[in-house]
Amino acid sequence: NFHLMNIPFTSSLFLIALTGMIFPVVHSFSTTKHYQGRIRSIRALTKLYAVADLPTMEEVESADFMVAIDLADAVCVQLVGDTDGVAGAEAAAQLLPSFFKSSDQARGWFVTSLTGPSFRDAALDPAVVKAILHATNPLSSSSSSSASFLTRLILMNVIMPLATAMQHEAMGNAEQASLSIETFQRASDLVKAVVALDLQQQLQRVQKGDGAAEEGPAVTRLRSDLRAIAAAATIAEAGWNDKDEESEEGSGVSVNDDKGSDVDRLKFWLKFMAKWKYQPPQKQAIYAVTDDLLKSF
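Model, not experiment: these values are computed from the prediction.

Novice: Just to check I follow, could you spell out the pattern of salt bridges for this structure?
Specialist: For side chains bearing opposite charge, pairing can occur when the charged atoms are close. Going through the model one piece at a time under the given rule, you end up with eight salt bridges. E61 is the salt-bridge partner of K101, the closest N and O atoms lying 3.1 Å from each other. Remark: E61 occurs in helix α3 (residues 57-61) and K101 occurs in the loop between α6 (96-99) and α7 (103-115); sequence separation between them is 40 residues. Across the pair R107 and D104 runs a salt bridge whose closest N-O atoms are separated by 3.0 Å. On the criterion of helical spacing, the pair formed by R107 and D104 is a turn pair, its members being three residues apart in helix α7. For R107, a relative accessible area of 31% corresponds to the partly exposed category. Overall, D104 belongs to the partly exposed group, its relative accessible area being 29%. Through salt bridges with shared partners, a single ionic network connects R120, E182, R186 and D189.

Novice: Please explain the nonpolar core as it appears in this structure.
Specialist: Note that soluble globular proteins tend to have their nonpolar side chains buried in a common cluster. Within the largest apolar cluster, 61 residues are counted, with the highest numbers of intra-cluster contacts made by F100, W109, F110 and W269. Take this core: its biggest share by element is ten residues, from helix α10 (residues 146-170). Residue contacts for W269: discarding those within four places in its chain leaves R152, L155, M156, I159, D225, A228, I229 and A232.

Novice: Explanation requested: the packing of aromatic side chains in the structure shown.
Specialist: Aromatic rings considered in pairs are described by the distance between their centres and by the relative angle of their planes. Applying the stated criterion to the full structure yields six aromatic pairs. Note on F272 and Y278: the rings are 6.3 Å apart at their centroids and 70° apart in plane angle, and the pair reads as edge-to-face. Each member of the aromatic cluster is reached from another via a ring pair, and the members are F99, F100, W109 and F110. The ring of F65 has R107 lying over it, and the distance from NZ or CZ to the ring centre is 4.0 Å. If you follow R152 out to its NZ or CZ, it ends over the ring of F268, 3.9 Å from the centre.

Novice: Looking at this model, I keep getting lost on unusual backbone geometry. Mind explaining?
Specialist: Negative phi characterises most residues that are not glycine, and trans characterises most peptide bonds. Although it is not a glycine, K277 adopts a positive phi angle of roughly 55°. Relative to the helices and strands, K277 resides in the loop between α13 (262-275) and α14 (280-294).

Novice: What is the right way to look at the side chain of T112 in this model?
Specialist: Along the chain, T112 falls in helix α7. If near-sequence neighbours (up to four positions away) are discounted, T112 is found in contact with I69, A72, D73, C76 and F119.

Novice: Help me understand the environment of D292, please; the structure alone is not making it clear to me.
Specialist: The residue D292 is located in helix α14 in this model. Note: C-alpha distance between D292 and L226 (66 residues apart in sequence) is 9.9 Å.

Scoring rules and cut-offs
- Residues numbered from 1 in each chain as written.
- Predicted model: local features only at pLDDT ≥ 70, side-chain atom pairs only at ≥ 80, totals over all residues.
- Heavy atoms only, no water.
- Salt bridge = Lys/Arg side-chain N within 4 Å of Asp/Glu carboxyl O.
- Helix = DSSP H or I, 4+ residues; strand = E, 2+ residues; numbered from the N terminus.
- Buried < 20%, exposed > 50% of the residue type's maximum accessible area, 1.4 Å probe, protein only.
- Core = buried A, V, L, I, M, F, W, Y, C linked by side-chain atoms within 4.5 Å.
- Contact = heavy atoms within 4.5 Å.
- Phe/Tyr/Trp six-rings, centres within 6.5 Å; stacked < 30°, edge-to-face > 60°.
- Lys NZ or Arg CZ within 6 Å of the ring centre and 35° of its normal.

And the structure:
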């Protein structure tokens, strides 16, 4: 059923060296069916091993920050379909809510997905955006503070790499600056994606007659924190500080510390900028970026 391709001997040697085998030309339909069956079997076996590489929900939810980084890597690989296509992506998507139940796991997820060179698609995957909206909904979330820490972690990944990129640029580290800008861009795009999906869901509810359009908690918190960041950048630049009301933790900032008021949000971001010692040029850039993001609402 096979014969060698009619090509020069030297070309044959090149193909053998390049691929480690001689390509047969299949003439028999039955032989073709046989090999297609073998290929399907191999793919099915590969699928089992690939999906088995994913962590369990329990492993994700019990992971500390450093372990969560590694687990997020395995999920990102499957989410972008590098190993197992649709089946792996679906299995990975089911694990996303487990990353968004507490700050350690969420930080691990964002570190991996927003900085991994090949994980841009994973960071902005529709399943990720949907999981964030779901996790920040008090009716579906098991943690009352989840909306606070998730949206704030996303925004931290907007302003921190932006400020870091400016530092690298000033020191002549163009490559490092480029990597920081990529993280900043992914996080910015994630904010816009969350807002866009929330708007889409609002329109769908209205079209179905399920009530008036009302934005979700994630978008409300993103807008409130973006306004607070913009204000903090301006006030801090003018020299105002919060030393008189500094907590026992000093300049320590916790993403879970959210009392819900605009004043408390402003204090949070003022402490955040003081902790990282952002300079006027960095604060000006942060203000410009937050002002631009607010236009997407």
